[in-house]
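Architecture and fold: a report
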Amino acid sequence: MKLKMILTALVIAGCGVSAVIAADDPVKIREGLMKQIGGSMGALAGIAKGEKPYDAETVKTALTTISTNIKAFPDQFPAGSEANSEASPKIWESTDDFKAHAAKLGADADTVLAQLPADQAGVGAALGVIGKNCGDCHQLYRVKK
């Protein structure tokens with residue numbers, strides 16, 4: 001019984017250590033930010049396609065996540081964090097342009113948030129603008145593995 005408690009404590013402690021390591025890993029941080037953006041884009045796409053009913057709170061939450069995450073995203077690319085990611089070397093070669101792409105997405109998300117779409121068609125129109133930003137940046141600064 002005592003051994004089981006010790007092993008359980010070690011496993012729990014190990015989980016905490018890995019969480020701290022992940023929190024310091026810019027690749028993990030930026031992947032997490034991008035997964036949340038992707039999830040938000042998926043929620044918006046579901047509404048725009050009519051697969052899910054329009055819900056103002058879902059739209060607002062998705063847009064807020066996109067806006068917040070993309071503003072933090074460019075800061076997650078310190079020198080030396082190129083390995084083991086889908087980040088293109090162009091990010092470090094053209095940092096200002098990369099940051100400008102992120103800023104444009106953030107500004108467009110903020111604009112849509114300020115005039116929250118009121119229906120499925122509005123979400124579709126907003127998604128067209130935001131999605132173009134995502135696609136443009138991915139073409140330039142993402143390497144598919």
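Residues numbered from 1 in each chain as written. Predicted model: local features only at pLDDT ≥ 70, side-chain atom pairs only at ≥ 80, totals over all residues. Heavy atoms only, no water.

1. Quick word on helix α2 (residues 26-48)
For α2, built from 23 residues, the straight-helix expectation of 33 Å at 1.5 Å per residue is met to within 8% by its first-to-last C-alpha distance of 32 Å. Looking only at α2, the buried set comprises Pro26, Val27, Arg30, Leu33, Ile37, Ser40, Met41, Ala43, Leu44, Ala45, Gly46 and Ile47. A side-chain oxygen of the first residue of α2 lies 3.0 Å from the backbone nitrogen of Val27; this N-cap is Asp25. Where α2 terminates, the next one or two residues include Gly50, which has phi positive at roughly 80°. (Helix = DSSP H or I, 4+ residues; strand = E, 2+ residues; numbered from the N terminus. Expected span 1.5 Å × (residues − 1). Buried < 20%, exposed > 50% of the residue type's maximum accessible area, 1.4 Å probe, protein only. Polar contact = N/O pair within 3.5 Å; in protein donor to acceptor, adjacent residues only side chain to side chain.)

2. Structural notes on the confidence of the model for the protein chain
This prediction gives the protein chain a mean pLDDT of 87; 84% of its residues lie at or above 70. When mean pLDDT is compared element by element in the protein chain, helix α3 (residues 56-72) scores highest at 98, while helix α1 (residues 2-24) scores lowest at 45. This model gives residues 1-21 a pLDDT under 50, and the stretch forms zero contacts once residues within four places in sequence are excluded. (pLDDT = per-residue confidence, 0-100. Contact = heavy atoms within 4.5 Å.)

3. What about the pattern of salt bridges?
Here the structure, examined in full by the defined rule, presents four salt bridges. Residue Lys71 pairs with Asp110 through a salt bridge whose shortest N-O separation is 2.6 Å. Residue Lys71 is located in helix α3, and its partner Asp110 is located in helix α5 (residues 95-114); the two are separated by 39 residues in the primary sequence. Put simply, Asp136 and Lys132 hold a salt bridge, and the shortest N to O gap is 2.9 Å. Of this pair, Asp136 and Lys132 both sit in helix α6 (residues 120-141), four residues apart, roughly one helical turn. What makes Asp136 partly exposed here is its relative accessible area of 28%. (Salt bridge = Lys/Arg side-chain N within 4 Å of Asp/Glu carboxyl O.)

4. With respect to the environment of Asp110
Residue class for Asp110 comes out partly exposed when judged on its relative accessible area of 29%. Setting aside residues no more than four positions away along its own chain, Asp110 makes contact with Ser67 and Lys71.

5. Some remarks on the side chain of Ser81
Examined against the element boundaries, Ser81 turns out to sit in the loop between α3 and α4 (90-93). Among the polar contacts listed, one links the side chain of Ser81 to the backbone oxygen of Pro78, at a separation of 2.7 Å. Setting aside residues up to four positions removed in sequence, Ser81 forms contacts with Pro26, Val27, Arg30, Gln76 and Trp92.

6. So, the side chain of Arg30
As for its position among the elements, Arg30 is in helix α2. This buried residue, Arg30, is left without a salt bridge; Glu31 holds the nearest opposite charge, at 6.5 Å. Reaching out from Arg30, the side chain makes a polar contact with the backbone oxygen of Ser81 at a distance of 2.5 Å. (Lys, Arg positive; Asp, Glu negative; His and termini not counted.)

7. Describing unusual backbone geometry
Trans is the common state for peptide bonds, and a negative phi is the common state for residues other than glycine. Located in the positive-phi region is Asn84, a residue other than glycine, with phi close to 60°. Within the secondary structure, Asn84 is located in the loop between α3 and α4. According to the relative accessible area criterion, Asn84 is exposed, its value standing at 68%.

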